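# Summary of the model geometry
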Amino acid sequence: MVQYIRDITFILTLVLFSCQPKQQVKNIDQNSDQLNFDTFYQQSKQVSIGFDERLKNANLAYHEAQKAPIDSLVIKALLEKTKLHSKLKQQDSAIYFSKVLLDLSIKSNDSGRIGNAYYKLGLYNDRRRQLDSAYIYYNESKKI
């Protein structure tokens, strides 16, 4: 009888420690976030809809990308967001998100994206007639 109880206890212990349902749920959530990102991102690039609607989709893609642990998705969404803010003549927002893009690019040590972010900051400051700031950012972009 004692051997039977030990065997059952051992089997139950193995079963309890081998189950990991939380990890499976996390993977499903990440895949769902990726699908949502892809959907919103593709809609933000649709030239057949207005810039306001495209920006809403870019914002949703950006929020979905922030849920996923993949920085490249956030950078991709930020590139689209800055472009759309600029098209809508929202240069302050374009500059703000370009700075976020620059910070992420520096963090990931991607010189191409760093140069691109500096160029965007130069461009948007140029459009705001902040020529001294535009010059500084264009110069940084050239150095990179």
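Residues numbered from 1 in each chain as written. Predicted model: local features only at pLDDT ≥ 70, side-chain atom pairs only at ≥ 80, totals over all residues. Heavy atoms only, no water.

### Observations concerning the environment of Leu 88
- With respect to the helices and strands, the residue Leu 88 is situated in the loop between helix 4 (71–87) and helix 5 (91–107).
- For the pair Leu 88 and Asp 52, spaced 36 residues apart in sequence, the C-alpha separation works out to 7.7 Å. (Helix = DSSP H or I, 4+ residues; strand = E, 2+ residues; numbered from the N terminus.)

### Quick word on the confidence of the model for the protein
- The share of residues in the protein with pLDDT of 70 or more is 75%, and the mean pLDDT across the chain is 80.
- Here residues 20–30 is modelled with pLDDT under 50, and outside its nearest four sequence neighbours on either side it reaches 1 contact, counting other chains as well. (pLDDT = per-residue confidence, 0-100. Contact = heavy atoms within 4.5 Å.)

### Focus on the packing of helix 6 (residues 111–127) against helix 7 (residues 131–143)
- Put simply, helix 6 and helix 7 touch, their axes get as near as 7 Å, and they point 160° apart. Considering the angle they form, helix 6 stands roughly antiparallel to helix 7. Pair helix 6 / helix 7 crosses with left-handed handedness. Of helix 7, the residues touching helix 6 (which contributes Gly 115, Tyr 118, Tyr 119, Leu 121, Gly 122, Leu 123, Asn 125 and Asp 126) are Leu 131, Ser 133, Ala 134, Tyr 137, Tyr 138, Glu 140 and Ser 141.
- For the contact of helix 6 with helix 7, the per-class residue count stands at 8 nonpolar, 5 polar and 2 charged. (Axes fitted to C-alpha atoms, helices over the stretch in contact; angles between N-to-C directions. Parallel < 35°, antiparallel > 145°, perpendicular 65-115°, else oblique. Left-handed = near helix turned anticlockwise from the far one by under 90°. Nonpolar A, V, L, I, M, F, W, Y, C, P; charged D, E, K, R; others polar.)

### Here we look at the packing of helix 4 against helix 6
- Relative to each other, helix 4 and helix 6 sit at 15°, their axes nearing to 12 Å. Between helix 4 and helix 6, the angle is such that the two are roughly parallel. As helix 4 packs across helix 6, the resulting crossing turns out to be left-handed. Here helix 4 contributes Ile 75, Leu 79, Thr 82, Lys 83 and Ser 86 to the contact with helix 6, which in turn contributes Arg 113, Asn 116, Lys 120, Tyr 124 and Arg 127.
- Tallied by class, the residues present in the contact of helix 4 with helix 6 amount to 3 nonpolar, 3 polar and 4 charged.

### Some remarks on the side chain of Glu 80
- Take Glu 80: it is sitting in helix 4.
- Residue classification places Glu 80 among the buried positions, given a relative accessible area of 3%.
- Among the polar contacts made by the side chain of Glu 80, one reaches the side chain of Lys 45 at a distance of 3.2 Å.
- Not counting residues up to four positions away in its chain, the partners in contact with Glu 80 are Tyr 41, Ser 44, Lys 45, Arg 54 and Ala 58. (Buried < 20%, exposed > 50% of the residue type's maximum accessible area, 1.4 Å probe, protein only. Polar contact = N/O pair within 3.5 Å; in protein donor to acceptor, adjacent residues only side chain to side chain.)

### Examining the packing of aromatic side chains
- Scanning the model with the defined rule gives 5 aromatic pairs in all.
- Considering the side-chain rings of Phe 37 and Tyr 41, the 5.6 Å spacing of their centres and the 15° angle between planes classify their relative orientation as stacked. Here Phe 37 and its partner Tyr 41 are both found in helix 2 (residues 21–44), 4 residues apart, which amounts to about one turn of the helix.
- Given a relative accessible area of 11%, Tyr 41 falls into the buried group.
- Members of the aromatic cluster, each reached through a chain of ring pairs, are Tyr 62, Tyr 96 and Phe 97.
- Across the ring face of Phe 97, the terminal group of Lys 81 is positioned such that the distance to the ring centre comes to 4.0 Å. (Phe/Tyr/Trp six-rings, centres within 6.5 Å; stacked < 30°, edge-to-face > 60°. Lys NZ or Arg CZ within 6 Å of the ring centre and 35° of its normal.)

### Let's talk about unusual backbone geometry
- Although it is not a glycine, Asn 109 sits at a positive phi angle of roughly 55°.
- For Asn 109, the position within the fold is in the loop between helix 5 and helix 6.
- A relative accessible area of 66% means that Asn 109 is categorised as exposed.
- With phi around 65°, Arg 129 is a residue other than glycine that occupies positive phi space.
- Looking at Arg 129, the relative accessible area reads 64%, which means it is exposed.

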